[in-house]
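# Structure at a glance
Listed here are the chains, written in short residue letters.
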Amino acid sequence: MELTTTDLLYACAGAGALCAAVLPAALAKRPLSTPMVFLAAGFLVYLLPFDVLPDLDPVRDRQTVEHLTEVCVVVALMGAGLAINRPVGLRTWSTTWRLLGLAMPLTILLTAAAAWWLLDWPPAVALLVAAALAPTDPVLAGEVRVGEPTDDEDDEDEARFALTSEAGLNDGLAFPFVLAALAIAAASGSGWSTAWVWHWAWSDVLLRAAVGLGTGIAVGRLLGRMFFRAGWRALRLAEHREGFAALAATFTAYGLTELLHGYGFLAVFATACTIRAAERAHGYQRVMHAFMDQVERLLTAVVLFLVGGYIAGGGLAALTWRGALLALTLFLVIRPLTGWAVQAAGAADRQERAVIALFGIRGIGSFFYLAYALGEGDFGVPARELWAVVTFTVLLSVVVHGVCATPVTRRLDRWHASA
């Protein structure tokens, strides 16, 4: 009987789904993460002498990569927002605002400067890569983010809360900087001009962010009222325990916001936080969060398996030592220093401050932004070189953060217990 691609895909899909269900609990106390396992599995499987599995080349299959990573990120954003117990506020989220308002722009600025100096990239390319690598990732941060929803607003330590809320918001806030890179590339191609700056500041920074947040909050309030307090019982989905309603909320908020030319990533997280605030103590919050967590794990397994296959097929062949040094500089110098510095006199204690600074996880959102930008403009640098730098940075983050997450968080928990 001849081996077919379909048969092998079914087998791999079944094994992958089973692993996605088993691995989180199996690896809970080990210095190993689920993303590491799927990345390694993809790498090893694609080294086997079977040319039947589909390979996903981000240059050739740019649109597929863009949409696959887009779905993965929006699902993770909804799960992250539903998990946060702490109400949104200037003081209660002070660490988050410091990370978003100070650490993220500083990270982009310093990473762009490093890319320009190390790789001699044009300003637009340096800014693009810096913006793509700036947001921390809600998908791969499972080991260091808050757990399932509870009715206790104070049961989240500052480190887990800050990393979860930061990852939930900065995926959307990176978009203006990606659009700035596209504007600079277009302006430099037609003769340098700063005419784009005012349009960018008004439209891409203020207006689109406001549309994203406003639409997300509006959708969240409408759905929160429907889920928990609708007059017609059929609409009170909280009584029916239908977890996939969270998926409906995700795509409704994202699609509607994108139609209105707002930032859909911001809208999804805002929707999740608003639904969470509608009835914090209701058990339906845990049902929705559990469903989104399961979907997220399946999508993550697929994406990282394919990333492993891409690396096995030579995805890092275009990586130079300078590109690797850029990734290491971001990973070991820029994020830790900015993440530490902006928390001075903040709510986090010394131990939490160190964890927040060190765990700036890079991941699937970076793939989305690079794929999106390369489809919208011409940057004059080989796309494979850009993909190699971003892929290496994500690989570095998956491995190092995956090894460190469990021992670091266990030590943090012991310190809190003894404090």
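Look above for the structure.
We now turn to the structure provided with this report.

### Details of helix H2 (residues 34–45)
- Its 12 residues place the ends of H2 16 Å apart at the C-alpha level, agreeing with the 16 Å of an ideal helix rising 1.5 Å per residue.
- Thr 34, Pro 35, Met 36, Phe 38, Leu 39 and Gly 42 are the residues of H2 that are buried.

### Description of empty space enclosed by the protein
- Across all of its chains, the model carries five cavities of 30 Å³ or more by this definition.
- What the largest cavity holds in volume is close to 150 Å³.
- As for the largest cavity, its lining consists of Leu 56, Pro 58, Val 65, Leu 68, Thr 69, Val 303, Leu 306, Val 307, Tyr 310, Phe 367, Trp 387 and Thr 391.
- Every element with two or more residues in the lining of the largest cavity is listed here: helix H3 (62–83), helix H11 (284–312) and helix H15 (383–418).
- Here the lining of the largest cavity is composed, by residue class, of 10 nonpolar, two polar and no charged.

### Brief notes about the packing of helix H9 (residues 245–259) against H11
- Where H9 meets H11, the axes come as close as 8 Å, and the angle between the chain directions of the two elements is 70°. With respect to their mutual orientation, H9 and H11 come out roughly perpendicular. Only Tyr 284, Met 288, Phe 291 and Met 292 of H11 make contact with H9, whose side of the interface consists of Ala 245, Ala 246, Leu 247 and Thr 250.
- Its residues assigned to classes, the contact of H9 with H11 comprises seven nonpolar, one polar and no charged.

### Re the pattern of salt bridges
- Within the structure shown, the criterion is met by 11 salt bridges.
- With a shortest N-O distance of 2.7 Å, Arg 236 and Glu 239 are connected by a salt bridge.
- A residue is classified by how much of its surface remains accessible, and Glu 239, at 39% relative accessible area, is partly exposed.
- Ionic contacts of the salt-bridge type, sharing partners, join the residues Asp 55, Arg 60 and Asp 61 into one network.

### Concerning the layout of surface pockets
- The volume enclosed by the second largest pocket comes to roughly 670 Å³.
- Forming the boundary of the second largest pocket are 30 residues, of which Trp 97, Leu 169, Leu 213, Leu 266 and Ala 270 lie nearest the centre.
- Those elements giving two or more residues to the lining of the second largest pocket turn out to be helix H4 (94–119), helix H6 (158–173), helix H7 (175–189), helix H8 (196–229) and helix H10 (264–278).
- Partitioned by chemical class, the residues of the lining of the second largest pocket number 25 nonpolar, one polar and four charged.

### Some thoughts on a nonpolar patch on the surface
- On the surface, Trp 321, Leu 325, Leu 328, Leu 332, Val 333 and Leu 337 cluster together to form a nonpolar patch covering roughly 590 Å² of accessible area.
- One can find Trp 321 in helix H12 (residues 321–341).

### A short note on the environment of Val 303
- Inspection of the secondary structure assignment puts Val 303 in helix H11.
- Classification of Val 303 as buried rests on a relative accessible area of 4%.
- Residues in contact with Val 303, not counting those within four places in the same chain, are Leu 68, Cys 72 and Ile 364.

### Brief notes about the nonpolar core
- In this structure, Trp 121, Phe 227, Leu 326 and Phe 379 are the most contacted members of the largest nonpolar core, which totals 107 residues.
- By residue number, the principal contributor to this core is H11, which donates 13 residues.
- Ignoring any residue separated from it by four or fewer positions in sequence, one finds Trp 121 in contact with Ala 115, Trp 116, Ala 126, Val 129, Leu 326, Val 381, Glu 385, Leu 386 and Val 389.
- Judged by nonpolar contacts, the second largest core, of 14 residues, contains Ala 103, Ala 162, Leu 163 and Ala 348.

### Section: a positive patch on the surface
- Together, Lys 29, Arg 410, Arg 411 and Arg 414 give the surface a local cluster of positive charge.
- Looking at where Arg 414 falls in the secondary structure, it is placed in helix H15.
- Taking relative accessible area as the criterion, Arg 414 reaches 52% and is therefore assigned exposed.

Scoring rules and cut-offs
Residues numbered from 1 in each chain as written. Predicted model: local features only at pLDDT ≥ 70, side-chain atom pairs only at ≥ 80, totals over all residues. Heavy atoms only, no water. Helix = DSSP H or I, 4+ residues; strand = E, 2+ residues; numbered from the N terminus. Expected span 1.5 Å × (residues − 1). Buried < 20%, exposed > 50% of the residue type's maximum accessible area, 1.4 Å probe, protein only. 1 Å grid on protein atoms, 1.4 Å probe; cavity = no way out; pocket = protein on both sides within 12 Å on 5 of 7 lines; lining within 4 Å. Points joined across faces, edges and corners; volume = space filled by probe spheres on them. Nonpolar A, V, L, I, M, F, W, Y, C, P; charged D, E, K, R; others polar. Axes fitted to C-alpha atoms, helices over the stretch in contact; angles between N-to-C directions. Parallel < 35°, antiparallel > 145°, perpendicular 65-115°, else oblique. Contact = heavy atoms within 4.5 Å. Salt bridge = Lys/Arg side-chain N within 4 Å of Asp/Glu carboxyl O. Patch = residues over 30% accessible without salt bridge, like charges linked within 9 Å, V, L, I, M, F, W, Y side chains within 5 Å. Areas by Shrake-Rupley, 256 points an atom, 1.4 Å probe, with all protein chains shown as cover. Core = buried A, V, L, I, M, F, W, Y, C linked by side-chain atoms within 4.5 Å. Lys, Arg positive; Asp, Glu negative; His and termini not counted. Charge placed at Lys NZ, Arg CZ, Asp CG, Glu CD.

Spatial relationships are all this shows, so hold off on functional conclusions.
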